[in-house]
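# Per-entry structural report
Okay, here's what each chain looks like letter by letter:
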Amino acid sequence: MTIIGRFAPSPTGELHVGNLRTAIAAWASAISAGGSFLVRWEDLDQFTATREHAVAQSLDLASLGIVPAAPPILQSERLSLYHDAIASLVKRGLTYECFCSRKDIRDAVAAPHGQFALYPGTCRSLSDAERDARRQERPGALRLRAHGGTETFTDYIHGTVSGRVDDVVLRRNDGMPSYNVAVVVDDALQNISEVVRGDDLLGITPSQVYLQKLLGYETPVYGHVPLVVGDDGERLAKRHGAVTLRHLADLGVSAAEVRDKLWESLGQQSETWNWNAVPRTPWISTF
Ligand code: GLU
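Residues numbered from 1 in each chain as written. Predicted model: local features only at pLDDT ≥ 70, side-chain atom pairs only at ≥ 80, totals over all residues. Heavy atoms only, no water.

### Let's talk about helix 1 (residues 17-32)
Threshold: Secondary structure counts use DSSP, requiring at least four H or I residues in a row for a helix and at least two E residues in a row for a strand, with both numbered from the N terminus. Take the residue count of a helix, subtract one, and multiply by 1.5 Å to get its expected span. Exposure classes here rest on a 1.4 Å probe applied to the protein chains alone. A residue is buried below 20% of its type maximum, exposed above 50%, and partly exposed in between.
An ideal rise of 1.5 Å per residue puts 22 Å on 16 residues; helix 1 measures up with 22 Å between its terminal C-alpha atoms. Listing the buried residues of helix 1 in full gives Val17, Gly18, Leu20, Arg21, Thr22, Ala23, Ile24, Ala25, Ala26, Ala28, Ser29 and Ala30. In the stretch just after helix 1, Gly34 is the one whose phi turns positive, near 80°.

### A closer look at the site of the ligand
Going by this rule: We call a residue near a molecule or strand as soon as one heavy atom of that residue lies within 4 Å of the molecule or strand. Whenever a nitrogen or oxygen atom comes within 3.5 Å of another N or O atom, the pair is scored as a polar contact, on the condition that within protein one atom can donate a hydrogen and the other can accept it, and that pairs from neighbouring residues in sequence are kept only if both atoms are in side chains. Points on a 1 Å grid over protein atoms alone make up a cavity when a 1.4 Å probe fits among them but cannot get out, and a pocket when they form an open set with protein on both sides within 12 Å along at least five of seven lines; lining residues each have an atom within 4 Å of a point. Molecules are considered to sit inside a cavity or pocket once more than half of their atoms lie within 2 Å of its grid points. Throughout this entry, Asp, Glu, Lys and Arg are counted as charged residues, while Ala, Val, Leu, Ile, Met, Phe, Trp, Tyr, Cys and Pro are counted as nonpolar. The remaining residues, Gly among them, count as polar.
Taken together, Arg6, Ala8, Pro9, Ser10, Glu42, Ala111, His113, Tyr179, Val183, Arg197 and Leu201 are the residues near the ligand. Here a nitrogen atom of the ligand and a backbone polar atom of Ala8 are 2.7 Å apart. Tyr179 has a polar side-chain atom sitting 3.0 Å from an oxygen atom of the ligand. In a pocket analysis with a 2 Å cut-off to the grid points, the ligand is assigned to the largest pocket. Considered class by class, the residues forming the shell around the ligand number six nonpolar, two polar and three charged.

### Here's the deal with the layout of surface pockets
Space left empty within the atom packing is revealed by a probe, the size of a water molecule, rolled over the atoms. We apply this condition: Grid points are joined across faces, edges and corners, and a volume is the space filled by probe spheres set on the points.
Looking at the largest pocket, its volume works out to about 920 Å³. For the largest pocket, the lining is made up of 41 residues, of which Pro9, Ser10, Asn19, His113 and Arg235 are closest to its centre. Broken down by secondary-structure element, the contributors of at least two residues to the lining of the largest pocket are strand 1 (4-7), helix 1, helix 6 (179-189) and strand 9 (194-198). For the lining of the largest pocket, a count of residues per class yields 19 nonpolar, 13 polar and nine charged. Its volume calculated, the second largest pocket comes out at about 400 Å³. As for the second largest pocket, its lining consists of 18 residues, of which Asp104, Asp107, Pro112, Phe116 and Asp166 are closest to the centre.

### Thoughts on the packing of aromatic side chains
Convention followed: When the centres of two rings from Phe, Tyr and Trp lie within 6.5 Å, Trp using its six-membered ring, the rings pair. Their planes under 30 degrees apart give stacked, over 60 give edge-to-face, and anything left gives tilted.
Enumeration according to the criterion identifies five aromatic pairs in this entry. Judged by centre distance (5.3 Å) and plane angle (70°), the rings of Phe153 and Tyr222 are edge-to-face. Highlighted residues: Phe153 in strand 6 (residues 150-155) and Tyr222 in strand 10 (residues 221-225), separated in sequence by 69 residues. For the residue pair Phe153 and Tyr222, the accessibility class agrees, reading buried in each case.

### Here's the deal with unusual backbone geometry
One non-glycine residue with positive phi stands out, namely His147, at about 65°. Judged by relative accessible area, which is 63%, His147 ranks as exposed.

### Thoughts on the pattern of salt bridges
Proximity of charged atoms lets side chains of opposite charge pair with each other. What counts is decided by this rule: What makes a salt bridge here is a side-chain nitrogen of Lys or Arg within 4 Å of a carboxyl oxygen of Asp or Glu, nothing more.
All told, the structure shown has 17 salt bridges when counted by the stated rule. The shortest N-O distance in the salt bridge between Glu14 and Arg246 comes to 2.6 Å. Of this pair, Glu14 sits in the loop between strand 1 and helix 1 while Arg246 is found in helix 8 (residues 245-250), placing the two residues 232 residues apart along the sequence. A relative accessible area of 31% places Glu14 in the partly exposed class. The closest approach of N and O atoms between Arg172 and Asp174, which form a salt bridge, is 2.5 Å. Here the salt bridges share partners, and the residues they tie into one network are Arg6, Arg40, Glu42, Arg78, Asp186 and Asp187.

### Quick notes on the sheet that holds strand 8 (residues 169-171)
Quick reminder of the rule: At least two DSSP bridges between two strands are required for those strands to pair. Fitted lines through C-alpha atoms serve as axes, helices being fitted only where they are in contact, and the angles separating the N-to-C directions of these axes extend from 0 to 180 degrees. Here, two residues are considered to be in contact whenever any of their heavy atoms come within 4.5 Å of each other.
In spatial order, the strands read 4-5-8; together these three strands make up an open sheet with antiparallel pairing. Each end of this open sheet is capped by a strand with a single partner; those strands are strand 4 (95-98) and strand 8. Strand-to-strand twist in this sheet, taken as the mean axis angle between neighbours without regard to direction, amounts to 45°. Two elements, strand 4 and strand 5 (residues 141-144), share four bridges in a ladder whose sense is antiparallel. Residue pairing for strand 5: Cys98 is matched across the bridge by Ala141. Docked against the sheet, helix 3 (residues 79-91) engages strand 4, strand 5 and strand 8, running at close to 115° with respect to strand 8.

Here it is in structure tokens:
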């Protein structure tokens, strides 16, 4: 099988060295196995995602030598595919309406980085009358009726991983498809065979695997790469100083130097990608 890898950033700002490190791993893993590599813009958040950020992110990736095999697709241009997938789940009785906190549901278009709590099931068993009453207050979002099972997947770093499947949001109450639906549909339609991304998405992966099975898709192999943290041990962010290529260039650090340092931080000694060498712990940014 031909390996197809991908990097799927949300174009909501500049990529930082943590994102770039994961992109290098995703690209190198696919390319060194003779496969190909794609970039996809996960731009469902209409308030923060912009074409300008997508262009800037492309240029940053290119300056590290990461060039996709085809022009990137934009999720905002593929909404009907996600709606079709949701409709097929609705038709099979695998969904229910949810009227819980606006924030939970609003956040559903973004990937749930880090710890997240499983949905407690508040709206899972509403009666028809209760649902009708709640609908008068505001429209419901749509959740997956997951039946609380577990799913197992294979990860280059974490081995065989099992975890609980959540009643994830499939569609927000403004009608927008969620991240979890879009990522599963696109990984399948783009024939992605390996998904390399930050390990803060490890917890949501069983739910994505479950959705893949429901929709009749293959499950890719995963590679959840440890995050880059600042010297305070917290996930890298702007407040940690010069964390973008632009800022580092202002300080005289070239893109080539950043690439070399990130490559080394990933434990790689030669040009050929080696998953076994990738450190299992977060990397403290030394820029
Ligand atoms: N678009 C997601 C993010 O940037 C990545 C999701 C994924 O790689 O599956 O957070």
